[in-house]
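What follows is the residue order along each chain.
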Amino acid sequence: MKPRILIVEDEPSIADNIQYALETDGFDAICFSEGIKALEYLDKEGVDLIVLDVGLPDINGFELCKDIRKKTNTPIIFLTARADEVDRIVGLEIGADDYVTKPFSPRELTARIKAVLRRTGTVRENPPENSSVFIVDESRRRITYLGKPLELSRYEFNILKTFINRPGHVFSRDKLMDMAWEEPEASLDRTVDAHIKNIRAKLRSIEPDSDPIITHRGIGYSLREDL
C-alpha cells in the first residue's frame, strides 16, 4: 500500500508539482486548496503525512494545524513564504514536524517527507510499483529489464525510473530534467536526448527488436504501456 500524502496548498502550480513529484516517487497524493475541506477529508480518511501551506485562503495554516492536532498526530510539514525564524519556531511548537520555505524543489520536499516518515515510524517506505518487464530496486539503485540488470548512470537510472513509475505519460525534456537532475537549470535539454539514446542502446543490447521508449516529436518521451 502506497504512503498517502495530503497536500493542502492553494497555488495550483505548486500543488501540481508536489503531487507529480510524490506520485513519481511512489506515493499516493491528494490535494485540497482549502483548509476546511482538508479537515473534512481527515474526518473520513487517514493519511500518512500532511503537507500544509501556511497562507491558505480560508484559514491560517497555523490554526489549521492546531485543529488537526486535536484529531490526529499525523506528521505535518509546513510550506510558507515566510523565512522569519519566529514563524518557523511557532510552526514547530504547535505540532509541525518540519518547515519548508518557498521557493523550494519538489524533490527536496519529497526527501524531507521520506525523512519525516522514517523518523516518526509512520509507514515503511514503499518502492515505486514496477511493471512486469522492469523491476526497480531503489535501495541498490538498480533496474532490471527482462530479468537482466542494466548498467545505468545516475541520470539514466533517474530517467528510466521516472518512465517506469508512469508508463504512457509523456514527459517533456524540461520535466525529465526537473525530476532527474539535482540542478536542472545547469543542464541543456539536449542532454536528455543523449541519455535517452544511451538507455535505448542498453535496452536493445538485451532485447534487440524492442524499443520500450516512444519519442513524441516536439513534445518529449514516454514508456510504452503495453509492455
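Each remark here, short or long, concerns the structure printed above.
Residues numbered from 1 in each chain as written. Predicted model: local features only at pLDDT ≥ 70, side-chain atom pairs only at ≥ 80, totals over all residues. Heavy atoms only, no water.

A. Examining the overall build of the protein chain more closely. Each helix and strand in the protein chain was counted, giving eight helices and ten strands. Burial analysis of the protein chain (227 residues in total) assigns 45% to the buried set. In the protein chain, once contacts between residues fewer than 6 apart in sequence are set aside, the share between residues at least 24 apart is 58%. For the protein chain, the computed accessible surface area is about 11700 Å², with 47% contributed by carbon and sulfur atoms. (Helix = DSSP H or I, 4+ residues; strand = E, 2+ residues; numbered from the N terminus. Buried < 20%, exposed > 50% of the residue type's maximum accessible area, 1.4 Å probe, protein only. Contact = heavy atoms within 4.5 Å. Areas by Shrake-Rupley, 256 points an atom, 1.4 Å probe, with all protein chains shown as cover.)

B. Helix 2 (residues 35-44), seen in detail. The set of residues buried in helix 2 consists of Gly35, Ala38, Leu39, Tyr41 and Leu42. Down the axis, helix 2 shows its buried residues gathered within 160° of arc, on one side only. Facing away from the buried side of helix 2 by over 90 degrees, the exposed positions are Asp43 and Lys44. (Arc of directions from axis to C-beta.)

C. Region of interest: the pattern of salt bridges. On inspection of all chains with the given rule, the structure shows 19 salt bridges. One salt bridge in this structure joins Lys114 and Asp25, with 2.7 Å as the shortest N-O distance. You can see Lys114 sitting in helix 5 (residues 106-120) and its partner Asp25 sitting in the loop between helix 1 (12-24) and strand 2 (28-32), a full 89 residues away along the chain. Each member of the pair, Lys114 together with Asp25, is buried. Because the salt bridges share partners, they merge into one network encompassing Glu9, Glu11, Asp53 and Lys102. (Salt bridge = Lys/Arg side-chain N within 4 Å of Asp/Glu carboxyl O.)

D. Expanded view of the environment of Arg112. Note that Arg112 resides in helix 5. On the accessibility criterion, Arg112 (27% relative accessible area) is partly exposed. Linking Arg112 and Asp97, residues 15 residues apart in sequence, is a C-alpha distance of 10.0 Å. Among residues more than four places away in sequence, those in contact with Arg112 are Ile77, Asp98, Tyr99 and Val100.

E. A look at the packing of helix 2 against helix 3 (residues 61-71). Helix 3 packs onto helix 2 with a crossing angle of 5° between their chain directions and a minimal axis gap of 11 Å. The angle between helix 2 and helix 3 places the two elements in the roughly parallel class. Residues Gly35, Leu39, Leu42 and Asp43 of helix 2 lie in contact with helix 3, whose contacting residues are Leu64, Asp67, Ile68 and Lys71. Residues of the contact of helix 2 with helix 3, tallied by class, amount to four nonpolar, one polar and three charged. (Axes fitted to C-alpha atoms, helices over the stretch in contact; angles between N-to-C directions. Parallel < 35°, antiparallel > 145°, perpendicular 65-115°, else oblique. Nonpolar A, V, L, I, M, F, W, Y, C, P; charged D, E, K, R; others polar.)

F. Broad picture of the packing of aromatic side chains. Per the counting criterion, the structure on display carries six aromatic pairs. Ring centres of Phe32 and Tyr41 lie 5.4 Å apart, and the angle between their planes is 50°; on these two criteria the pair is classed as tilted. On the basis of relative accessible area, Tyr41 is assigned to the buried category, the value being 17%. Both rings, one in Phe62 and one in Phe78, keep their centres 5.2 Å apart while their planes meet at 85°; by these two values the pair is edge-to-face. Of this pair, Phe62 sits in helix 3 while Phe78 sits in strand 4 (residues 76-80), and the two are 16 residues apart along the sequence. Assessed through its relative accessible area of 9%, Phe62 is described here as buried. Given a relative accessible area of 0%, Phe78 falls into the buried group. (Phe/Tyr/Trp six-rings, centres within 6.5 Å; stacked < 30°, edge-to-face > 60°.)

G. Spatial organisation of the sheet that holds strand 5 (residues 98-101). Overall, parallel pairing links the five strands, which are arranged 2-1-3-4-5 in an open sheet. Strand pairing shows two members of the sheet lacking a second neighbour, strand 2 and strand 5, which therefore form its edges. In this sheet, adjacent strand axes meet at a mean angle of 20° when their direction is disregarded. Bridge count between strand 3 (residues 49-53) and strand 4: four bridges; the pairing is parallel. Looking at the pairing, Asp53 lines up with Leu79 of strand 4. Seen against the sheet, helix 2 touches strand 1 (4-8), strand 2 and strand 3 and runs at an angle of roughly 155° to strand 1. (Pairing = 2+ DSSP bridges.)

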